[in-house]
Every structure is written in structure tokens, then in C-alpha cells.
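What follows is the residue order along each chain.
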Amino acid sequence: EIPPPETLSPVFREFGAAAVAILADERTGGCSYDDVVTMVAEQEEAQGEVPGPLPVISSDLIVDEIQIARAADAGAKAVTVTYGVVGAEKVMQFLKDANALGL
């Protein structure tokens, strides 16, 4: 069984991770966007501590702009976009969308 995000989150900091990537796709055995929210909230609690908070990356298999908006709404600092899945034109559009949302 996978421990809950609030248990895993501080472990990433304590063991020197530079960021936390969360597969926000329950269909493939990943987490949910609620888990992204939980991880972001736990990381923000480390503000002012050493080690400090880590950026959270939503690594869902992005195929639609809605997923980028959901990641931003959940508090993620970035998303992963797979070039081989969506192609050059979509990657460029998704980058623009992500930048417009502050990712």
C-alpha cells in the first residue's frame, strides 16, 4: 500500500529531493489532483524551514488544456508534457497555456 501524500511529502524534503513529481492519473495507478493539493499544502508548511518547501510537478499524461488548468488550480508549479504523445504543435500550445497560468 502506498502511504498517503501527507506522509510522503516531508520524506522527499528530508532526503534531498529537488522537486516532487506526482502522476495525477488515478486510471493508471497514480494519484489524484486532490493528492496534488495535499502535497502542495504540506510542502508550503515547510516555508522558513531547512530543508524548505519543494515545488510540486503534476506529471499527468497531458493531452488537453483542461489538465494544465487543473494542475495550476491544484497548486502545482509545473506540468510534464510528453512530446512523443502530443507532437510539436501541441507542446508549443501547452507551454503557452502553462505560462499563462503561471506554471
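Anyway, here's the lowdown on the structure attached to this text. (Residues numbered from 1 in each chain as written. Predicted model: local features only at pLDDT ≥ 70, side-chain atom pairs only at ≥ 80, totals over all residues. Heavy atoms only, no water.)

## Brief notes about unusual backbone geometry
Most peptide bonds adopt trans geometry, and most residues besides glycine take a negative phi value.
Reasoning step 1: Put simply, V50 and P51 share a cis peptide bond, and its omega is 0 degrees.
Reasoning step 2: Its location among the elements puts P51 in the loop between α2 (33–44) and β2 (56–58). (Helix = DSSP H or I, 4+ residues; strand = E, 2+ residues; numbered from the N terminus.)

## Some details on a nonpolar patch on the surface
Reasoning step 1: Taken together, the side chains of L61, V63 and V85 make up a nonpolar region of the molecular surface, amounting to roughly 240 Å² of accessible area.
Reasoning step 2: For V85, the location among the structural elements is in helix α4 (residues 83–100). (Patch = residues over 30% accessible without salt bridge, like charges linked within 9 Å, V, L, I, M, F, W, Y side chains within 5 Å. Areas by Shrake-Rupley, 256 points an atom, 1.4 Å probe, with all protein chains shown as cover. Salt bridge = Lys/Arg side-chain N within 4 Å of Asp/Glu carboxyl O.)

## Some remarks on the environment of E45
Reasoning step 1: Tracing the backbone shows E45 in the loop between α2 and β2.
Reasoning step 2: With 22 residues separating them along the chain, E45 and Q67 place their C-alpha atoms 25 Å apart.

## Digging into the nonpolar core
Reasoning step 1: Among the nonpolar cores identified, the biggest contains 20 residues, and I22, V36, V56, I68 and V79 are the most heavily contacted of them.
Reasoning step 2: Elements represented by at least two residues in this core include exactly β1 (20–22), α2, α3 (65–74) and α4.
Reasoning step 3: Residues contacting I68, with those up to four places away along its chain left out, are I62, V79, F94, D97, A98, L101 and L103. (Core = buried A, V, L, I, M, F, W, Y, C linked by side-chain atoms within 4.5 Å. Buried < 20%, exposed > 50% of the residue type's maximum accessible area, 1.4 Å probe, protein only. Contact = heavy atoms within 4.5 Å.)

## Focus on the packing of helix α1 (residues 5–14) against α2
Reasoning step 1: At their nearest, the axes of α1 and α2 sit 9 Å apart, and the two run at 50 degrees to each other. For the element pair α1 / α2, the angle class is oblique. Crossing angle aside, the handedness with which α1 passes α2 is right-handed. Residues P5, E6, S9, P10, F12 and R13 of α1 form the contact with α2, whose participating residues are D35, T38, M39, E42 and Q43. (Axes fitted to C-alpha atoms, helices over the stretch in contact; angles between N-to-C directions. Parallel < 35°, antiparallel > 145°, perpendicular 65-115°, else oblique. Left-handed = near helix turned anticlockwise from the far one by under 90°.)

## Describing the pattern of salt bridges
Reasoning step 1: As enumerated under the stated definition, the model contains two salt bridges in all.
Reasoning step 2: The closest approach of N and O atoms between E42 and R13, which form a salt bridge, is 2.8 Å. A residue pair is termed long-range when its members are at least 10 positions apart, and E42 in helix α2 and R13 in helix α1 qualify at 29 residues. One exposure class covers both E42 and R13, and it is buried.
Reasoning step 3: With a closest N to O distance of 3.6 Å, K90 and E65 form a salt bridge. Here the residue K90 occupies a position in helix α4, and E65 occupies one in helix α3, the gap between them amounting to 25 residues.
Reasoning step 4: Residue classification places K90 among the partly exposed residues on the basis of a relative accessible area of 33%.
Reasoning step 5: The partly exposed category is assigned to E65, whose relative accessible area is 31%.

## Considering the environment of V86
Reasoning step 1: Mapped onto the secondary structure, V86 falls in helix α4.
Reasoning step 2: Overall, V86 belongs to the buried group, its relative accessible area being 19%.
Reasoning step 3: Taking the C-alpha atoms as reference, V86 lies 32 Å from E1; in sequence the two are 85 residues apart.
Reasoning step 4: For V86, the contacting residues outside a window of four places in its chain are I62, V63, V81, V91 and F94.

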